[in-house]
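Overview (structure and organization)
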Amino acid sequence: MNVTSSVLAEEPGRKPRQPHNCGQLPFLIRRDGVWLYKGSPIRRKPMVCLFASALSRAADGAYWLRTPVEEGTIEVEDVPFVAIELEWKGAGRQQILCFRTNVDQVITAGPDHPITAQWDVPLDACDSAPPPYLMVRQGPEELPLQARISRPVWYELAALAEPGCCEGRACLGVWSSGQFFPLALAPRGCREVDDDC
C-alpha cells in the first residue's frame with residue numbers, strides 16, 4: 001500500500017472493483033495511539049486521520065485497512081484509538097460525556113457508544129485494573145473499534161462517578177445520554193449505594 005495514497009471514492013456510474021488484497025501491511029498502531037509505517041512514526045496527522053477512517057475489525061479480530069484499491073491487515077498493540085480529552089455537561093441522568101480521540105473524532109458516550117470497564121474491582125484497586133474503553137464505531141458483521149480511555153481522562157471520569165447499581169451489585173459509575181456505566185465497586189458500607197441495590 002502506498003502510504004501517500006488517499007482514500008478515494010469510486011467514480012459515479014463505474015462498477016465498484018474489488019480491492020487488491022496486500023496481505024499483512026507494514027503498519028503498527030502502538031498502545032499510545034502512534035501509527036508506525038515500516039517502523040517509523042507517521043508524523044502527518046491528516047494522514048493518520050485518513051488511514052484511521054479506513055480501519056475496520058473483522059469478526060475474527062483482525063484489523064483491516066481498506067481503501068477502494070487496496071486492503072490488508074495491520075498490527076494493533078491494544079486498540080486503535082485513545083480518548084485524550086473529555087468534556088461534559090449536565091449532571092446525573094441528564095449528563096452528557098463527549099470524548100475526543102487522538103484522531104480528533106468526537107464521540108458521545110451512550111447506548112451506541114458504551115464505556116466498558118472492569119468495574120468489579122474495589123475502588124482502591126482501580127489503578128492496577130485495565131483502563132476503561134469507549135466504543136468508537138462498528139460496521140455490520142464486524143467487531144467494534146475502541147478507544148482506550150487515557151489515564152488523565154480516566155481520573156476525570158472517576159471524579160464524576162456517583163453511586164449506582166449493576167448486576168445487583170453496588171458500584172460507582174457515570175451517566176451519559178441516559179445510560180449508566182459502572183467504573184468500580186462501591187466502597188463497603190456506602191449506604192447510599194447499598195440502598196439503591
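Details of the structure are given in the entry above.
Here goes a summary of the coordinates provided. What you see is a predicted model; the values in this text were computed from it and never measured.

1. Things to note about the overall build of the chain
Scanning the chain from N- to C-terminus turns up three helices and 15 strands. With 197 residues in all, the chain has 43% of them scored as buried. For the chain, contacts bridging at least 24 residues in sequence account for 54% of all contacts bridging at least 6. A total accessible area of about 10,900 Å² is found for the chain, and carbon and sulfur atoms account for 51% of it.

2. Things to note about the sheet that holds strand 15 (residues 179-185)
Two strands in a sheet stick together by hydrogen bonds in their backbones, pointing the same way (parallel) or opposite ways (antiparallel). Spatial ordering of the open sheet is given by 13-14-15, a layout of three strands whose pairing is antiparallel. The sheet is open, and its two borders are formed by strand 13 (162-166) and strand 15, each paired with just one other strand. Adjacent strand axes in the sheet meet at a mean angle of 55°, parallel and antiparallel pairs treated alike. The pairing of strand 14 (residues 169-176) with strand 15 spans six bridges and is antiparallel. From the neighbouring strand, Ser176 faces strand 15, where its bridge partner is Gln179.

3. Description of the pattern of salt bridges
Counted according to the given criterion, the structure contains seven salt bridges. For Arg31, the salt bridge is made with Asp78, and the minimal N-O distance between the two is 2.9 Å. With a gap of 47 residues between them, Arg31 in the loop between strand 1 (20-29) and strand 2 (35-37) and Asp78 in the loop between strand 6 (70-76) and strand 7 (81-89) connect regions that are remote in the sequence. The class of Arg31 is partly exposed, set by a relative accessible area of 40%. Notably, a salt bridge pairs Asp104 with Arg100, separated by 2.7 Å at the nearest N-O pair. Here the salt bridges share partners, and the residues they tie into one network are Lys45, Glu85, Arg100 and Asp104.

4. Some words on the nonpolar core
Counting residues in each nonpolar core, the largest one holds 40 residues, and the members touching the most others are Trp35, Ile74, Phe99 and Ile115. Not counting the four nearest positions on each side in its chain, Ile74 is found in contact with Gln24, Leu25, Phe27, Ile29, Trp35, Leu55, Tyr63 and Leu65.

5. Examining the environment of Pro152
Assignment of secondary structure puts Pro152 in helix 2 (residues 151-160). Sequence separation between Pro152 and Ile84 is 68 residues, and the spatial gap between their C-alpha atoms is 7.8 Å.

6. Overview of the packing of aromatic side chains
Here the distance between the centres and the angle between the planes together describe a pair of aromatic rings. Per the stated rule, a full pass over the model turns up five aromatic pairs. On the basis of an interplanar angle of 80° and a centroid distance of 6.2 Å, the ring pair of Phe27 and Trp35 is categorised as edge-to-face. Taken individually, Phe27 and Trp35 each receive the classification buried, so the pair is uniform in this respect. With a centroid separation of 6.3 Å and 20° between ring planes, the pair formed by Trp35 and Phe51 is classed as stacked. Here the residue Trp35 occupies a position in strand 2, and Phe51 occupies one in helix 1 (residues 45-53), the gap between them amounting to 16 residues. There is no split in this pair, since Trp35 and Phe51 are both buried. Through a chain of ring-to-ring contacts, three or more aromatic side chains come together here, namely Phe27, Trp35, Tyr37 and Phe51.

7. Some details on helix 1
Buried residues of helix 1: Met47, Val48, Phe51 and Ala52, and no others. Angular distribution of buried residues about the axis of helix 1 spans 135°; they occupy a single face of the element. Buried residues along helix 1 sit in contact with strand 1, strand 2, strand 4 (55-57), strand 5 (63-66), strand 7 and strand 11 (133-137).

8. Quick notes on the sheet that holds strand 8 (residues 96-101)
Read from one edge to the other, the open sheet built from six strands follows the order 9-8-7-12-11-10, with strand pairing classed as mixed. Two strands in the sheet have a free side with no partner beyond their single neighbour: strand 9 (106-108) and strand 10 (115-116). Where strand 8 and strand 9 come together, three bridges link them in antiparallel fashion. Among the inter-strand pairings, Arg100 is bridged to a residue of strand 9, identified as Val106. Strands in contact with helix 2 are strand 7, strand 8 and strand 12 (145-149); relative to strand 7, the strand with the most contacts, it is inclined by about 30°.

Rules of the game
- Residues numbered from 1 in each chain as written.
- Predicted model: local features only at pLDDT ≥ 70, side-chain atom pairs only at ≥ 80, totals over all residues.
- Heavy atoms only, no water.
- Helix = DSSP H or I, 4+ residues; strand = E, 2+ residues; numbered from the N terminus.
- Buried < 20%, exposed > 50% of the residue type's maximum accessible area, 1.4 Å probe, protein only.
- Contact = heavy atoms within 4.5 Å.
- Areas by Shrake-Rupley, 256 points an atom, 1.4 Å probe, with all protein chains shown as cover.
- Pairing = 2+ DSSP bridges.
- Axes fitted to C-alpha atoms, helices over the stretch in contact; angles between N-to-C directions.
- Salt bridge = Lys/Arg side-chain N within 4 Å of Asp/Glu carboxyl O.
- Core = buried A, V, L, I, M, F, W, Y, C linked by side-chain atoms within 4.5 Å.
- Phe/Tyr/Trp six-rings, centres within 6.5 Å; stacked < 30°, edge-to-face > 60°.
- Arc of directions from axis to C-beta.

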